[in-house]
Amino acid sequence: MPMTTPVSPASAPASASAAPAPRCDRVTLVRSRDELAAALAVDEGADRADRADSVGGADRVGGGDKTDRADRVNGGDRADGAAKAGSAGAARHAGGFAGAGGVPRAGGVPRAVVMTMGALHQGHFDLVAEAARRVGADGTVVVTIFVNPLQFAAGEDLDAYPRTLEADVEGLTAALRAPGEDGLAVGRLIVFAPAPEVMYPNGEPSVRLDPGPIATVLEGATRPTHFAGVLQVVLTLMHLTRPHWALFGRKDAQQLALVRAMVRDLAVPVEIVPVDIRREPDGLAMSSRNAYLSAREREQALALSQALAAGREAARAGADAAGVRTAALEVLEKAPGVEVDYAAVVDPDSFVDLSGAGLGLPGGSVQPAGAVELAGPSQPVGPVLLALAARVGTTRLIDNALIDLR
Ligand SMILES: Nc1ncnc2c1ncn2[C@@H]1O[C@H](COP(=O)(O)OP(=O)(O)OP(=O)(O)O)[C@@H](O)[C@H]1O
Ligand SMILES: CC(C)(CO)[C@@H](O)C(=O)[O-]
Ligand code: BAL
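Residues numbered from 1 in each chain as written. Chains lettered and ligands numbered in written order. Predicted model: local features only at pLDDT ≥ 70, side-chain atom pairs only at ≥ 80, totals over all residues. Heavy atoms only, no water.

If you look the protein up in an unreviewed UniProt entry, it shows as Pantothenate synthetase from Actinomyces massiliensis F0489. Under the Catalytic activity (unreviewed entry) heading, UniProt states for the protein: "(R)-pantoate + beta-alanine + ATP = (R)-pantothenate + AMP + diphosphate + H(+)". The protein has a UniProt comment under Pathway (unreviewed entry) that states "Cofactor biosynthesis; (R)-pantothenate biosynthesis; (R)-pantothenate from (R)-pantoate and beta-alanine: step 1/1." (UniProt positions renumbered as here; feature names shortened; annotations may be inferred.)

Encoded structure:
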């Protein structure tokens, strides 16, 4: 079984470690856990102040004014900004809850988290916009940017993965400041961009999550250690950011199903909000990895969305799950420059195979050790998930669509 990439400072390229302070007092860039705790403590301060106000107009204890609060966390200098927001120790005691590493809180300033690996595109901004809608004009959105070594196997693209922190912060700042209806109507935006040694201060975490059977099929068959690494960082980031909502894109449908299962099975007090796939005008699902494609590969990559369209069309014409899969697979197999990894029709929550095709692994591929064969119902009801993965050149792309069978 492939090992995951070791956690070390070496997995944080120098380019990711420097970024200027954001040019907007409602945007805060934090790199350490203490800075994050201090920035979040501002919300707790506001919450305490609101409560104080509501019981008789007592003096504000935490700075209820948004501009004032933002000034205190931003300053010109990040470390200084964190200090101005109060010490991490104060953060840990503010608002009556345990701080960094503590449990999610109830009440307080509404907060949502959008977890990303950076190199932000419009798909990510859709998640941020939905997060902003959820938290409202006085709420806080936390965007995390972290290329998580634990979810990359040795030989995958950890080192090559695009790291564009400065542009990402500028893009988020511009989205916040955009005039009129386009601007994000949100109180504060915190960008948490930790280095690996900040996320994993003790090196390789000794306690690990077992993502269970869903993680053994499709993406998990090709990337057997991937979802354990994803859930490890997602749960840790949930504890560090303590959101009411966490937003995930439907583009990573198996990740979404696993995060939902984790939240359900481990009783994590957060609401998971799925966001639809954002596509380029010609149909290609937006992905940070699209940047790897040459112009020719970019054309060839359209086979994925065309295969989804063929599957949808087959369903409209009355095809069952197996027929939908066959229609999609035919398009992929005919496409020049495209090497199919899988085409599968599965239940969107349990990922049981609905097409009888052995989870869509082409050519009867051998399941990895520990893989669990999940038998699905013969007559699926409700929307089914048509999920695809293919290599275009050296770039591995995924895409999917929810399809109603008649
Ligand atoms: N096109 C998209 N539409 C909707 N959500 C998306 C899209 N692309 C990414 N997301 C979501 O954004 C979050 C962060 O994803 P990530 O940073 O890995 O971006 P990505 O473009 O999927 O990168 P990758 O190339 O690694 O797949 C995830 O919840 C992911 O599902
Ligand atoms: C959820 C996530 C940020 C965890 O590293 C990543 O898997 C992603 O970007 O989809
Ligand atoms: N959005 C998927 C993250 C990964 O491929 O590692």
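Enquirer: Please explain the sheet that holds strand 1 (residues 27-30) as it appears in this structure.
Expert: The strands making up a sheet associate through hydrogen bonds between their backbones, and the pairing can be parallel or antiparallel. As summarised here, the arrangement of the six strands in space is 1-4-3-2-5-6, forming an open sheet in which the pairing is parallel. The strands lining the two open edges of the sheet, one partner per strand, are strand 1 and strand 6 (271-275). Strand after strand, the sheet turns through a mean of 25 degrees between neighbouring axes, direction not considered. The pairing of strand 1 with strand 4 (residues 188-192) spans four bridges and is classified as parallel. Counted as the bridge partner of Leu29 is Val191 from strand 4. (Pairing = 2+ DSSP bridges. Helix = DSSP H or I, 4+ residues; strand = E, 2+ residues; numbered from the N terminus. Axes fitted to C-alpha atoms, helices over the stretch in contact; angles between N-to-C directions.)

Enquirer: It is not clear to me how the site of ligand 2 should be interpreted in this structure. Could you clarify?
Expert: Around ligand 2, the surrounding shell consists of Met115, Thr116, Met117, Asn148, Gln151, Val230, Val233, Val234, Phe248 and Gln255. Taking Gln151, its side chain carries an N or O atom lying 2.6 Å from an oxygen atom of ligand 2. Within the side chain of Gln255, one N or O atom sits 2.7 Å away from an oxygen atom of ligand 2. The protein chains hide 89% of the 290 Å² of surface that ligand 2 would expose on its own. At the level of elements, strand 2 (111-116) and helix 9 (226-241) are the ones that each hand at least two residues to the shell around ligand 2. Looking at the shell around ligand 2, the element that brings in the most residues is helix 9, giving three residues. (Near = heavy atom within 4 Å. Polar contact = N/O pair within 3.5 Å; in protein donor to acceptor, adjacent residues only side chain to side chain. Areas by Shrake-Rupley, 256 points an atom, 1.4 Å probe, with all protein chains shown as cover.)

Enquirer: Could you clarify how one ought to interpret the side chain of Arg289 in this entry?
Expert: Summarising the element assignment, Arg289 is placed in the loop between strand 6 and helix 11 (295-300). Not counting chain neighbours up to four residues away, the residues in contact with Arg289 comprise Phe152, Asp157, Tyr161, Arg223, Thr395 and Arg396. (Contact = heavy atoms within 4.5 Å.)

Enquirer: Hey, could you run me through the packing of helix 9 against helix 10 (residues 253-265) in this one?
Expert: A pair of packed helices is captured by two measures, namely the crossing angle of their axes and the spacing between those axes. At a minimum axis distance of 11 Å, the contact between helix 9 and helix 10 shows a crossing angle of 55 degrees. If you check the angle between helix 9 and helix 10, you find them oblique. Between helix 9 and helix 10 lies a crossing whose hand is right-handed. Where helix 9 approaches helix 10, its residues Phe227, Val230, Leu231, Val234, Leu235 and Met238 are matched on the opposing element by Gln254, Gln255, Leu258, Val259, Met262 and Val263. (Parallel < 35°, antiparallel > 145°, perpendicular 65-115°, else oblique. Left-handed = near helix turned anticlockwise from the far one by under 90°.)

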